[in-house]
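A look at the structure
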Amino acid sequence: MKKVKRRAWAALVIALAVALGMCVYVCRFANEHDQWVSFSANQHIYSGGALTIGTVTDRNGVELAGSADGARTYAADAATRIACLHAVGDTGGNIGTGALTAFANRLAGYSVVGGVSGTGGTVTLSIDERLNRVAYEALAGRSGAVLLCDYTTGELLCMVSSPSYDPLVGFDADNSYYDGVYLNRALSAAYAPGSVFKLVTLAAALENIDDLYARSFVCTGSTEVDGNTITCSGVHGAQTIEQALANSCNCAFAELSLELGGGTLEAYAARFGLTESQSINGIATAAGSFEAAADGSAELAWSGIGQSTDLVCPVTFLRYVSAIANGGVAAGQSLLSGEGGGGDRLLSADTADKLRSMMNYNVVYAYGTDRFPGLTLCAKSGTAEVGDGSSHAWFAGFLDDTEHPYAFVVVVEHGGGGLSNAGPVANAVLQAAVAG
């Protein structure tokens, strides 16, 4: 009898263990089934770490990646392959932001009920490969990032990271030009923003300083803060706030930063999403940073100008300028066609309208409309000094044009002046986008 009881208890324990194991399996399957399918060791759909089924197209149906005879294929045109590499991905899965990695389940045609499709699925990206080609050519071999979106939907129409390479040819790993080639600088890098950050400081000033428009900001070429000298790019004399932004006057924005305080500026950077990672179709973007330096300090003055330890991810700043263009609402960003929309209110409509007006003033009275023929442009340039003595060139803004609701960000690493170096890249892409 004792032996029967022992066997019964043993059978019960085994049954409970099996039941517990099944519960764990079901729970893990419910939470991780898509990851199991897209795991690169799945030889049903991967070969040598490369996803071998599924098709990636641009928004117009141009095939950017396909498959044939169990191998990955790419676009027929080499310029397209290079310009779209970071949007599509490489054969080894080294570019995590690429569609071949980020959207592997869709490309596998996977569903919980049906499993993996024999021919795979199609992923239609929101980008226009033609605009990517224009942007990559305009960068002319320089490292950096170019982004263009529809600010009413959030769809990314152009996303280029440089350097790039032809995935069918490869690259020379010993050539320093290709350092960081797998990094998507548009989504996964953060840079010192320089004077484009003045749009953040300005937003805070518009909402917290009542007499901002009545003030006169006097620039003598430099100002002393806590025993340190804040230098400016020129001697601007007495200016209105509109003129101070157009002149990109460090003295004026140092004054505003000190008055607003580090806590306020930090709160605005966080409110606009500039200090945290965002998610675009499940792809995590690089987080930026803003450290609230001590009130009254030179570091606080520099941080409000976009220097000090400030860092901003290009696509996150695109979200911010898109909100300015879109009445204060940042539409949900997307790399998949037809999947943008929704969004968050970052600014009041009144603040957004004031920023839009002053950004257009920049172009008309400071940059020159002849640089951007036929475009109703609202923009801000930035020249961000970095530790090696060079400067990153920034140019960010949008078209105030309901028929062409495009916002953009261009960053050229170590490119020098923002207007003269990043500005022409933005113009080339915008002209191509408007031409259709």
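How each quantity is defined
Residues numbered from 1 in each chain as written. Predicted model: local features only at pLDDT ≥ 70, side-chain atom pairs only at ≥ 80, totals over all residues. Heavy atoms only, no water. 1 Å grid on protein atoms, 1.4 Å probe; cavity = no way out; pocket = protein on both sides within 12 Å on 5 of 7 lines; lining within 4 Å. Points joined across faces, edges and corners; volume = space filled by probe spheres on them. Helix = DSSP H or I, 4+ residues; strand = E, 2+ residues; numbered from the N terminus. Axes fitted to C-alpha atoms, helices over the stretch in contact; angles between N-to-C directions. Left-handed = near helix turned anticlockwise from the far one by under 90°. Contact = heavy atoms within 4.5 Å. Nonpolar A, V, L, I, M, F, W, Y, C, P; charged D, E, K, R; others polar. Phe/Tyr/Trp six-rings, centres within 6.5 Å; stacked < 30°, edge-to-face > 60°. Buried < 20%, exposed > 50% of the residue type's maximum accessible area, 1.4 Å probe, protein only.

Taking a probe equal in size to a water molecule and rolling it over the atoms shows the remaining empty space. The tally for this structure, following the rule as stated, stands at one cavity of 30 Å³ or more. Looking at the largest cavity, its volume works out to about 40 Å³. Around the largest cavity sit Cys-149, Tyr-151, Gly-154, Arg-319, Ser-322, Ala-330, Ala-331 and Gln-333, which together line it. Those elements giving two or more residues to the lining of the largest cavity turn out to be helix H12 (314–325) and strand E15 (329–332).

Bringing the packing of helix H9 (residues 250–260) against helix H11 (residues 298–305) into the picture now. Running from N to C, H9 and H11 point in directions that differ by 115°, and their axes come no closer than 8 Å. At the point where H9 passes H11, the crossing takes the right-handed sense. Where H9 abuts H11, its residues Asn-250, Phe-253, Ala-254, Ser-257 and Leu-258 lie against Leu-300, Ala-301, Trp-302, Gly-304 and Ile-305. Residues belonging to the contact of H9 with H11 are distributed by class as follows: seven nonpolar, three polar and no charged.

Okay, the packing of aromatic side chains next. As enumerated under the stated definition, the model contains 16 aromatic pairs in all. Look at Tyr-268 and Phe-272: their rings are 5.8 Å apart centre to centre, the planes differ by 75°, and that puts the pair in the edge-to-face class. Arranged with centres 5.7 Å apart and planes meeting at 70°, the rings of Phe-317 and Tyr-320 form a pair that is edge-to-face. With a gap of three residues between them, Phe-317 and Tyr-320 both fall in helix H12, about one helical turn apart. Tyr-320 carries the same exposure label as Phe-317, and that label is buried. Each member of the aromatic cluster is reached from another via a ring pair, and the members are Tyr-191, Tyr-268, Phe-272, Phe-317, Tyr-320 and Trp-394.

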